[in-house]
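# Survey of secondary and tertiary structure
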Amino acid sequence: MSDRSSRRDPDLSADGEFDELIDELVETQLAENYDRLEGILEDYRSAARESDQASHGLRRRIMEIAEIEAARGPTVRLRTRSRQEFGIAAAAVRAVIRDAVDAMDGLVARRVSVWVDAEAGSSRAVDLRVSFAMRRGMALAGFEHDLRQRIARELEESVGIGLGRLELVLEDLEEGTGEHDRRG
Amino acid sequence: MYESARGGFEAALDDVTLVCRVQDGDLRSFEVLVDRYEPQVTGLCRRMLRDPSEAEDAAQETFTTAWRRLETLNEPATFRTWIFRLASNACIDLIRRRAARRTTTRDPEELSGLVGRGPTLEQQAEDSAAVRHLEAVLDALPPEQRLAWLLYEVQGESYAEIGDILQISEGSVRGRIHRARTNIVRGMEGWA
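Small disclaimer: the values here were computed from a predicted structure and weren't measured. Sequence order as written defines the numbering, with residues in each chain counted from 1. Here chains are named by letter from A upward and ligands by number from 1 upward, in the order in which they appear as written. Owing to the predicted nature of the model, reporting of local features is limited to residues with pLDDT of at least 70; listing and counting of side-chain atom pairs is limited to 80 or more, with chain, interface and lining totals taken over all residues. For side-chain calculations, the full set of non-hydrogen atoms in the structure is used, while hydrogens and water are omitted.

### Some thoughts on the pattern of salt bridges
By convention in these notes, a salt bridge is any Lys or Arg side-chain nitrogen within 4 Å of a carboxyl oxygen on Asp or Glu. Per the counting criterion, the structure on display carries 36 salt bridges over all chains. Glu 69 of chain A is the partner of Arg 68 of chain B in a salt bridge, and the nearest nitrogen-oxygen pair spans 2.6 Å. Of this pair, Arg 68 of chain B sits in helix α3 (residues 52-69) while Glu 69 of chain A sits in helix α4 (residues 56-70), placing the two residues on different chains. Burial status follows relative accessibility: with a 1.4 Å probe on protein chains alone, a residue under 20% of its type maximum counts as buried, one over 50% as exposed, and anything between as partly exposed. A residue is classified by how much of its surface remains accessible, and Arg 68 of chain B, at 48% relative accessible area, is partly exposed. By definition, any uninterrupted DSSP run of H or I lasting at least four residues is a helix, any uninterrupted run of E lasting at least two residues is a strand, and each is numbered from the N terminus.

Given below as structure tokens:
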């Protein structure tokens, strides 16, 4: 077994300079040798980039699993006027609300919380807390009324339930939000 | 059936918004995240595992875990780091399970003449003996070294980003990459 310390100059090894010199030389040599591999490494990187393409079969399998699990999500329990209970998937309500917010120029929905005010009893209505991102430079007061009306209308027209309380939360300001292709 | 988001409104949304929407159960936003990260995640798994079907399994596990656990991600802005952490863990787990089935290990210094485990997509794309030998050298590195090296050299992550992904200090990342380079230089002797 080689022992580097056995070959040290006592004067140098005393203050560790010899070790540092050897380490430096080894590091320099390593860096030079590694740099010489750059052509091979670049070939490897290029091949890797070329092979990084989407696998449609894999994507389909992932989405099938997510879709099955999403269908088992929570439901919101409501009552008709005749006091018959029914449930509606919270995800379905959230999707309607997201679409209503996204349809407003400069807004993008983020989170939608849905619940029923148990004390209201009857209820064909849900309470909502909706957070969204807004394009920088817009004024909340300029669209708040329209947004509330749109959400209430979409809720009624899409899933036949009314809007109780609605809390709007501006979560973020973004550059250029709303420049995307709108679903309307 | 959900409406596919491909090329639609969600495709232009930022990660933070998509993550918030997925946390609310939005499949279209999840599909966009899958489209956005699946090629990189599968690529990392493929290079770590060098087995296309195992790589797809690891990538599938990564995204299904993400779907199930996304609500636990408190900082949506860290999604990218988080998804690569899930992928890294999936790969390391698979490699450990493989190792448990094996009785012998290889020394990175004894790599001359090492042959790869079969054709990979990299081999199909680049028929280079040197690249094949490099793949074999990488395959013989300890998995933690290989992972840090791949994240740095192929994916272009910074030391800090790798530290976040692997949940280790930046100094440890530098150490792993340095040791990987040392082993690569030894394993590639005569190929430069």
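### Regarding the side chain of Arg 146 of chain B
Residue and element names in this part refer to chain B. Of note, Arg 146 is situated in helix α7 (residues 143-153). Here Arg 146 falls in the buried class, since its relative accessible area comes to 3%. For Arg 146, the contacting residues outside a window of four places in its chain are Arg 47, Met 48, Leu 49, Ile 95, Leu 138, Asp 139 and Leu 141. Two residues form a contact once any of their heavy atoms are found within 4.5 Å.

### Notes on the packing of aromatic side chains
Side-chain rings of Phe, Tyr and Trp, where Trp is taken by its six-membered ring, are said to pair if the distance between their centres is within 6.5 Å; with planes under 30 degrees apart they count as stacked, over 60 as edge-to-face, and otherwise as tilted. In total, this model carries 7 aromatic pairs over all chains according to the counting rule given. Note on Phe 132 of chain A and Phe 143 of chain A: the rings are 6.2 Å apart at their centroids and 80 degrees apart in plane angle, and the pair reads as edge-to-face. Taken together, the positions of Phe 132 of chain A in strand β4 (residues 125-135) and Phe 143 of chain A in helix α6 (residues 140-159) put the pair 11 residues apart, joining distant regions of the chain. In this structure Phe 132 of chain A comes out as buried when scored by relative accessible area, which is 0%. Ring plane angle 10 degrees and centroid distance 4.8 Å describe the contact between Tyr 152 of chain B and Tyr 159 of chain B, whose orientation is recorded as stacked. Judged by its relative accessible area of 25%, Tyr 152 of chain B is partly exposed. Through successive ring pairs, a cluster of aromatic residues spans Tyr 37, Phe 79, Trp 82 and Phe 84 of chain B.

### So, unusual backbone geometry
Residue and element names in this part refer to chain B. Even without a glycine there, the phi angle at Arg 50 is positive, about 55 degrees. With respect to the helices and strands, Arg 50 occurs in the loop between α2 (27-49) and α3. The backbone of Gln 167 shows a phi angle near 55 degrees, a positive value even though the residue is not glycine. Mapped onto the elements, Gln 167 comes out in the loop between α8 (159-166) and α9 (170-187).

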